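Now for the letters of each chain:
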Amino acid sequence: MIYPGVLALLLLTGIVWLLPVSFSAVSGNGIWSSAAFWLTQSAGTYGTFIIIIFTSYCYTIRMEVRREKWRTFLRSLIALSLFTASLAFINEHVTKLLLKEARPSHQYLLTRSKALDKLDSLYSLQTSLRAGYFEQLITGDTLLFKDINSRVLHHWIEEAGYSFPSGHSFNAFLLATVIAFSLARSSQRIWKQLYAIPFIWAVLVAISRVALGAHTPLDVSAGAAMGLTVATLFLYFDKTRKLIIHKKQLV
């Protein structure tokens, strides 16, 4: 699945770097704003778990014995849940803390409120205190941010951590690779033909992160590349791949 994954990554990079995507879904209550929000949610904590359940199911499609289906489903569910949770923890508590890149949404809020000089001091605070500051900033001057979608504002408050790399993009490309690998291995032609759909979803998720102002093009490009790389290695090596499937299949 490395080749379609790379194509998806190149497509994503071209869109977010060359087209006016940044902050394009933050104003009003239009279709794009709603779509971007729900795409983002699909690769969040709960969305990721639902996708993992679906991924685990995909690995049972080619099996005929019910007991084997359940064994494979549970093995895949546990392995992928632990795997993605561990990587998410490392990204949030190690990688992002080392790189300390401010979110574009936070810079936007502070710029509009003429308080950009507070950016460094705010990022010296704990995440919860930072979120509290932005909540007070937004609720304290509703007129200043009245053109911003309320769900987007709430999302900006919730995501008070550092920016680089994008965890949503990482999750999306990692899971898209694993799902596509499962579909491509299916003995049923109808499933084989759907292997590109997970990558389309992953690209849209990453675009939504930029459109909502939560990340920069660099954030999502790096996150997507990391997710694709980690998933490919996970599927390539016998010891990790056997956690979810049996036979070796080159990616």
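Just so we're clear, the structure is a prediction, and the values are computed from it rather than from any experiment. (Residues numbered from 1 in each chain as written. Predicted model: local features only at pLDDT ≥ 70, side-chain atom pairs only at ≥ 80, totals over all residues. Heavy atoms only, no water.)

Novice: What is the right way to look at the pattern of salt bridges in this model?
Specialist: Close approach of charged atoms allows side chains of opposite charge to pair. Within the structure shown, the criterion is met by five salt bridges. Here arginine 71 and glutamate 68 are joined by a salt bridge, their closest N and O atoms 3.1 Å apart. Of the two residues, arginine 71 and glutamate 68 are both situated in helix α4 (residues 66-99); the distance of three residues between them amounts to about one turn of the helix. Take glutamate 68: its relative accessible area is 25%, and that puts it in the partly exposed class. Measuring nitrogen to oxygen at the nearest pair gives 2.5 Å for the salt bridge that ties arginine 209 to glutamate 159. (Salt bridge = Lys/Arg side-chain N within 4 Å of Asp/Glu carboxyl O. Helix = DSSP H or I, 4+ residues; strand = E, 2+ residues; numbered from the N terminus. Buried < 20%, exposed > 50% of the residue type's maximum accessible area, 1.4 Å probe, protein only.)

Novice: How do you make sense of helix α3 (residues 45-58) when you look at a structure like this?
Specialist: One turn of the α-helix equals 3.6 residues, which is why residues spaced by three or four share an orientation. With 14 residues, α3 ought to run about 20 Å at 1.5 Å a step, and its terminal C-alpha atoms sit 20 Å apart, in line with that. By the burial criterion, the buried members of α3 are Gly47, Thr48, Ile51, Ile52, Thr55, Ser56 and Cys58. (Expected span 1.5 Å × (residues − 1).)

Novice: Would you mind going over the environment of methionine 226 with me for this structure?
Specialist: On the secondary structure map, methionine 226 appears in helix α12 (residues 217-236). With relative accessibility at 33%, the residue methionine 226 sits in the partly exposed group. Contact partners of methionine 226, with chain neighbours within four places excluded, come to Pro165 and Phe170. (Contact = heavy atoms within 4.5 Å.)

Novice: So what exactly am I meant to see when it comes to the packing of aromatic side chains here?
Specialist: Two aromatic rings are characterised by how far apart their centres lie and by the angle between their planes. Applying the stated criterion across every chain, the model contains eight aromatic pairs. Where tryptophan 70 meets phenylalanine 73, the ring centres are 6.0 Å apart and the plane angle is 85 degrees; that geometry is what we call edge-to-face. Within this pair, tryptophan 70 and its partner phenylalanine 73 are both found in helix α4, separated by three residues, close to a single helical turn. Judged by relative accessible area, tryptophan 70 falls into the exposed class, the value being 52%. Both rings, one in tyrosine 133 and one in phenylalanine 134, keep their centres 5.6 Å apart while their planes meet at 80 degrees; by these two values the pair is edge-to-face. What makes phenylalanine 134 buried here is its relative accessible area of 0%. Ring pairing ties together the aromatic residues Phe23, Tyr108 and Trp156, which thus form one cluster. The ring centre of tyrosine 162 lies 5.2 Å from the NZ or CZ of arginine 130, which sits over that ring. (Phe/Tyr/Trp six-rings, centres within 6.5 Å; stacked < 30°, edge-to-face > 60°. Lys NZ or Arg CZ within 6 Å of the ring centre and 35° of its normal.)

Novice: What's the story with α4 in this structure? I'm lost.
Specialist: The end-to-end C-alpha distance of α4 is 47 Å, a good match for the 50 Å that 34 residues give at a rise of 1.5 Å each. Looking at α4, one finds that the buried residues are Thr72, Phe73, Ser76, Leu77, Ala79, Leu80, Ser81, Thr84, Leu87, Asn91 and Lys96. Within two residues after α4, lysine 100 carries a phi angle of roughly 55 degrees, on the positive side.

Novice: Sorry, what's going on with the side chain of arginine 209 here?
Specialist: Structurally, the position occupied by arginine 209 is in helix α11 (residues 197-211). Given a relative accessible area of 0%, arginine 209 falls into the buried group. Separated by 2.9 Å, the side chains of arginine 209 and histidine 155 make a polar contact. Other than its neighbours up to four places away in sequence, arginine 209 contacts Thr40, Arg103, His155, Glu159, Ser166, His168, Ser169, Ala214, His215 and Val220. (Polar contact = N/O pair within 3.5 Å; in protein donor to acceptor, adjacent residues only side chain to side chain.)

Novice: Looking at this structure, I do not really get unusual backbone geometry. What am I missing?
Specialist: Phi is mostly negative for residues that are not glycine, and the peptide bonds are mostly trans. In this structure, proline 165 follows phenylalanine 164 across a cis peptide bond, with omega equal to -5 degrees. Residue placement: proline 165 occurs in the loop between α8 (150-158) and α9 (167-185). Phi is positive for phenylalanine 23, which is not a glycine, with a value near 60 degrees. Tracing the backbone through its elements, the reader meets phenylalanine 23 in the loop between α1 (2-18) and α2 (31-42). In this structure, lysine 100 takes a positive phi of about 55 degrees despite not being glycine.

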